[in-house]
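Notes for the structure review
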Amino acid sequence: MLESFYPIIGQIVVYLFAILLVATIIIAILVVYSFKTEAFPFPNVMLSGILFLEGSIKAFFRLLNVDDSIADNVVIQLKNKISLKQFENLPFNKKAIFLPQCLRSIDCPAKLSPEGIQCINCGQCDIGGAKKILEGMGYMVFIVPGSSFIKRMVRKYKPEAILGVGCVPEVKGGLDLCHRFGVPAIGLVLDRDGCVSTSLNWDAFCDLTKADITRLSRS
Ligand code: SF4
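Okay, so let's go over this structure. (Residues numbered from 1 in each chain as written. Predicted model: local features only at pLDDT ≥ 70, side-chain atom pairs only at ≥ 80, totals over all residues. Heavy atoms only, no water.)

If you check the shell around the ligand, you find 13 residues, and the closest are Cys-108, Cys-119, Ile-120, Cys-122 and Cys-125. Spatially, the ligand is embedded in the largest cavity. (Near = heavy atom within 4 Å. 1 Å grid on protein atoms, 1.4 Å probe; cavity = no way out; pocket = protein on both sides within 12 Å on 5 of 7 lines; lining within 4 Å. Sits in = over half its atoms within 2 Å of the grid points.)

Structure below.
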């Protein structure tokens, strides 16, 4: 009796595999298209598709010798696109900005505290001037010493939206974390990542924060 179902089960498995394969190829093509053009058709559908098929999309890219981190990049841009309006519509003093410690000068004299790295605006990197301007606008600004720090500060200060800066895995993880907290968040990926002396596109940062770039570059 049970044996008569085996061919049907086999067919269902083959059909499911074929559907997943086709969906993987279509979404992978959309990821490449979005990465190259910065156009995001059906962002919500595409984001759900990438998250659902992330493993197979990345495996497909690796099979074709394509850098699979572009899938993470597109996920970040899609999440940004979905949360940007909410982020922009909130007053500055309801929003928190998390900057990575690797953006500091290698000779940074700032000390670590329970509230993160305490910048003294020594002038050796752009963080000091940026932090001063952003805090003047009302933002909560933190220099992140480690991964558990963001969770602690979100619980303590309860920002209503977050901008996080970091490398691709950090930003992607941070956006997931904010999603779990129900806080709209956008992420900005470093231009050059690494453990020290990283660099950021401050123009893009100022676009997002509405900070005055002229004042920032003079600080
Ligand atoms: S400006 Fe602040 S973060 Fe940058 S090196 Fe000086 S103390 Fe460190």
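Moving on, we get to the nonpolar core. Counting residues in each nonpolar core, the largest one holds 27 residues, and the members touching the most others are Leu-134, Leu-163, Leu-200 and Phe-205. Of all the elements in the fold, those that place two or more residues in this core are strand S1 (95-100), helix H5 (126-137), strand S4 (140-144), strand S5 (161-166), strand S6 (185-189) and helix H8 (202-209). Non-local contacts of Leu-200, meaning those with residues more than four positions away in its chain, are made with Leu-103, Val-165, Leu-188, Val-189, Leu-190, Asp-191 and Phe-205. In terms of nonpolar packing, the next biggest core, distinct from the first, is built from 18 residues, Ile-76, Phe-142, Val-154 and Ile-162 among them. (Core = buried A, V, L, I, M, F, W, Y, C linked by side-chain atoms within 4.5 Å. Buried < 20%, exposed > 50% of the residue type's maximum accessible area, 1.4 Å probe, protein only. Helix = DSSP H or I, 4+ residues; strand = E, 2+ residues; numbered from the N terminus. Contact = heavy atoms within 4.5 Å.)

Once that is clear, we can look at the pairing of S4. With five of its five residues buried, S4 lies for the most part within the structure. Alternating residues of S4 divide into Met-140, Phe-142 and Val-144 and Val-141 and Ile-143, and every residue in both groups is buried. Relative to S4, S1 runs parallel, the two sharing five bridges. In the sheet register, Phe-98 faces S4, and the bridge partner there is Phe-142. (Pairing = 2+ DSSP bridges.)

Within the secondary structure, Asp-68 is located in the loop between helix H3 (54-63) and helix H4 (69-89). Overall, the relative accessible area of 19% leaves Asp-68 in the buried class. Those residues in contact with Asp-68 that sit more than four places away from it in its chain are Lys-58, Phe-61 and Arg-62.

Just distances and angles here, no functional claims.
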